[in-house]
Amino acid sequence: MTSKAKEHKPHGRSGKTLPIQVSSFVELTAALNQATELAGYQFEVPMDGVVSLQKDDITLIFFEDRAWQDTTAVSVFLSKANDSGLCFICTGNDEDLEAMPPALETANFRALALPCRVRQLVIDVQNFHRLQSMVLRSERTNKNVKETNEHVKYVLRVSRELNGVRDSKKLLSLILQKAREITNADAGSIYTVDWNDQRESDSKIIFKVTQNESVFQELEEFVIPVSEHSMVGSAVLHQKAINIPDLYHLDEDPNKNPYHAKHDKTFDLRTGYQCRSMLTIPMYDISYRVIGVIQLINRKRPNTKNLKGIQDFTEYVLPFDDTDVEYAEIVAQQAGIALENAMLTLEKEQLFEGFVHAAVTAIEQRDPTTSGHSHRVAKLTVGLAEIINKIDNGRFKDTRFDKKQLKEIEYASLLHDFGKLGVREQVLVKAKKLYPWELDLLLERFEHIRSRFEIEYLREYIAFLSGKTTIAPGFGPETFRATYENRVNELEDFLQFILKSNEPTVLEQGGFERLKDIANMSFKDGRQRTRPFLNYRELEALSVSRGSLTREEFAEIQSHVVHTYEFLRKIPWGRSFPNVPQIAAKHHEKLDGTGYPGGSHDDEIPVQTRMMTIADIFDALTASDRPYKKAVPVPRAIEIIDMEVKAGKVDSDLFKVFVESQVYQAVIDKNQQAS
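Thresholds applied
Residues numbered from 1 in each chain as written. Predicted model: local features only at pLDDT ≥ 70, side-chain atom pairs only at ≥ 80, totals over all residues. Heavy atoms only, no water. Helix = DSSP H or I, 4+ residues; strand = E, 2+ residues; numbered from the N terminus. Rg over C-alpha atoms; globule rule 2.2 N^0.38 Å. Buried < 20%, exposed > 50% of the residue type's maximum accessible area, 1.4 Å probe, protein only. Contact = heavy atoms within 4.5 Å. Areas by Shrake-Rupley, 256 points an atom, 1.4 Å probe, with all protein chains shown as cover. Lys, Arg positive; Asp, Glu negative; His and termini not counted. Charge placed at Lys NZ, Arg CZ, Asp CG, Glu CD. Polar contact = N/O pair within 3.5 Å; in protein donor to acceptor, adjacent residues only side chain to side chain. Phe/Tyr/Trp six-rings, centres within 6.5 Å; stacked < 30°, edge-to-face > 60°. Lys NZ or Arg CZ within 6 Å of the ring centre and 35° of its normal. Pairing = 2+ DSSP bridges. Axes fitted to C-alpha atoms, helices over the stretch in contact; angles between N-to-C directions. Arc of directions from axis to C-beta. Patch = residues over 30% accessible without salt bridge, like charges linked within 9 Å, V, L, I, M, F, W, Y side chains within 5 Å. Salt bridge = Lys/Arg side-chain N within 4 Å of Asp/Glu carboxyl O. Core = buried A, V, L, I, M, F, W, Y, C linked by side-chain atoms within 4.5 Å.

Moving on to the overall build of the protein chain. Helix and strand counts for the protein chain stand at 26 helices and 16 strands. Here the C-alpha atoms of the protein chain give a radius of gyration of 39 Å, more than 25% beyond the 26 Å that 2.2 N^0.38 yields for 675 residues. Considered along the principal axes of its C-alpha atoms, the protein chain spans approximately 140 × 65 × 60 Å. Counting over 675 residues, the protein chain shows a buried share of 48%. For the protein chain, long-range pairs separated by at least 24 residues make up 62% of all intrachain contacts whose partners lie at least 6 apart in sequence. Total accessible area on the protein chain stands at roughly 34,500 Å², and carbon and sulfur atoms take up 51% of it. Considering the protein chain, the positive charge centre built from 86 side chains and the negative charge centre built from 99 side chains are found 2 Å apart.

Next up on the list: the side chain of Lys430. The residue Lys430 is located in the loop between α15 (425-428) and α16 (436-465) in this model. In terms of polar contacts, Lys430 uses its side chain to reach the backbone carbonyl oxygen of Ser548, at 3.1 Å. Discounting residues that sit within four places of it in the chain, Lys430 has contacts with Tyr435, Arg537, Ser548, Leu549, Thr550 and Glu553.

Let us look at the packing of aromatic side chains. Overall, the coordinates contain 28 aromatic pairs when judged by the stated rule. Measuring from ring centre to ring centre gives 5.6 Å for Phe658 and Tyr664, while their planes differ by 45 degrees; the resulting arrangement is tilted. A single burial state applies to Phe658 and to Tyr664, both of which are buried. One aromatic cluster is present, built from ring pairs that chain together Phe63, Phe77, Phe88 and Phe109. Residue placement shows Arg276 over the ring face of Tyr248; its charged tip is 4.8 Å from the ring centre. Here Lys430 stacks its cationic end above the ring of Tyr435, 4.6 Å away from the centre of that ring.

Below, the discussion takes up the sheet that holds strand β4 (residues 58-63). Pairing is mixed across the open sheet formed by five strands, whose spatial order is β2-β3-β4-β5-β6. Looking at which strands have only one partner, the edges of the open sheet turn out to be β2 (42-47) and β6 (110-113). Looking at each pair of strands side by side, their axes are set apart by 25 degrees on average, direction ignored. Contacts from helix α1 (residues 25-34) reach β2, β3 (50-55), β4, β5 (86-92) and β6 within the one sheet, and its direction differs from that of β3 by about 20 degrees. The sheet contacts of helix α3 (residues 71-78) involve β2, β3, β4 and β5, and relative to β4 the element is tilted by about 170 degrees.

Glancing now at the environment of Gln405. With respect to the helices and strands, the residue Gln405 is situated in helix α14 (residues 403-414). Separated by 173 residues in sequence, Gln405 and Pro578 place their C-alpha atoms 9.7 Å apart.

Right, let's talk about helix α18 (residues 511-520) for a bit. Residues of α18 that are buried: Gly511, Leu515, Ile518 and Ala519. Down the axis of α18, the sector holding all buried residues measures 100 degrees, keeping them to one side. Where α18 is buried, its residues contact α17 (477-501), β16 (530-532) and α19 (536-542).

This paragraph deals with the environment of Pro46. Positionally, Pro46 belongs in strand β2. Placed 15 residues apart in sequence, Pro46 and Ile61 show a C-alpha to C-alpha distance of 9.4 Å. If we ignore the near neighbours within four places in the chain, the residues touching Pro46 are Val51 and Ser52.

Side chains of Arg166, Lys348, Lys404 and Arg575 sit close together on the surface and give a patch of like positive charge. Looking at the secondary structure, you find Arg166 in the loop between α7 (145-163) and α8 (168-183).

On to the nonpolar core. Grouped together as the largest cluster of nonpolar side chains are 62 residues, with contacts concentrated most on Leu32, Leu60, Phe62, Leu121, Val125, Ile294 and Leu296. Per element, the largest residue contribution to this core is 10 residues, and it comes from helix α12 (residues 322-366). Ignoring sequence-local partners within four residues, the contact set of Val125 consists of Leu32, Leu38, Tyr41, Leu53, Leu60 and Phe62. One finds Ile391, Phe577, Ile617 and Val645 within the second-largest nonpolar core, a separate group that totals 51 residues.

Another aspect to go through is unusual backbone geometry. Geometrically, the link from Leu114 to Pro115 is a cis peptide bond, its omega value of 5 degrees lying close to zero. Along the chain, Pro115 turns up in the loop between β6 and β7 (116-117). A cis amide bond links Tyr596 with the next residue in sequence, Pro597, at an omega value of 10 degrees. Within the secondary structure layout, Pro597 lies in the loop between α22 (580-585) and α23 (607-622). Even without being glycine, Asp56 reaches a positive phi, approximately 55 degrees. Within the chain, Asn303 stands out as a residue other than glycine whose phi angle is a positive 70 degrees. With respect to the helices and strands, Asn303 occurs in the loop between β13 (290-300) and α11 (310-315).

All quantities given are derived from atomic positions and should not be read as evidence of function.
Okay, structure coming up:
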């Protein structure tokens, strides 16, 4: 049997394509009627809100939520609850099923949560049928039906419990625990399969988890090939449960044993623990591809705790019987689906992580001067949130951020400047008041002015030498030279003042008036056109009193928070991180309403954003990677933020925690620490 997945095509018996997922009872009814995998079942609709599937001696009856919640409608079915040939299944969302009446649970009504994928529905139907067959078989062989029913209910609870876990490491441990409990196995291990679709021979099986009630063992993760040289590999290749009653009774020649099984007794000899009975069961994903293996060791007699002495393994270890195999296979089926869901969740989380960090990279590539800023702000904000979690008195004693909320804070902090992608790059990286090309044009203009001065001087001097002009007594040729040099020196003085004004520092007193005077001066170019020393745009830019941005450019920079919100709200953050856009978009708001873009006040600003605001200001002040400003020493940065606190703009309690905890030590560089 090939190790590749059996291709699942969601087509109905009529040839129509079924949806991948069923979300309502109507869609469920259609899927039950049309799924080719259920072709052997007789489909009926006995009444509104109820459908049934009948095969062999088992009838599965599905109820819409409004049907099983109707006491009158469901009473007729309750009267038949003791019929082991009937299996009653209540459908609905998780919240409704959690509130299922005790009378239904007592009567062994099962639960099926919607929405679910069609393939999962098919597997659930097959498992419902299989479990009810076990109950019926128990009744017919005069076995303890009550005990069988309890086992069935346990298996169904396991199914729901497994589907509620999304952490793959925890899930693997839980799967192994439940498989051991249902079979009373003393020990076991779980492996996952990493398929190489390009070269199947390079596929591998990875040991993940082990459990043992009798001896402590801690094994490192290891890898084995997908081959028949191991029981696990054989289970993967043959896609079949392999049950070895007693490994110690295997023939020395593996070729004489089922699946060429052999038992390496190295572990047994080292620990004194004997691996006797073994059940190896493959786990499948939704497309029926093997994604893992459960291996169970030593089924114990009832009420046996630990296996200690050598004699215990002979007296208290039993082979896994057919019922154990059935229960274990059902758990493995549900476990495979749960494991795939966990892997999909992990894949989604990794996708989110990749997207977030790619977005940060894109931001930093557009604005290299703030490289590292987003990561530092995230580290500061999450660090502050973690400290808040530990406070058990005062304003924050009841403020707690769980794992998802901390991740939400991290994402919001990393993406708080995401909207810079909507701001012109030239504005983002503007280090001085004039753009480089504007300064180049200005320098060329002043060079042109200097050339015009020289041309005018030479013309006047030539005219004097040729007698075309006269000068007043006492003046000579040097007069022309002195006038020229004075004009050039004054022009150079103007240029030096302009270059000084171009720096993103505070414009000196009287600077605007002097710039205006320079702008009012003019010269004639080669075509005798009158042109100003400074044009309006240059005057406006150079007259900026602080920093490098004009009013319009600063407004454009401020608009990045609007872009941030508009970008982030289009991303489906789901139920896990619904507040990312809101948290990120308000980091420039102030408690007194003087911030931007919305002028939000105190209660309108989330505490997560208030933490980020402190982190953002601190890093902007202390960062040493911005060419247009020097890093502010930490004590001075604290003083500046404190002024914002006293002005009622920044949260005082959060700032106090920020300072007292010194959370900022995690991001400041060594030079800052030394200062």
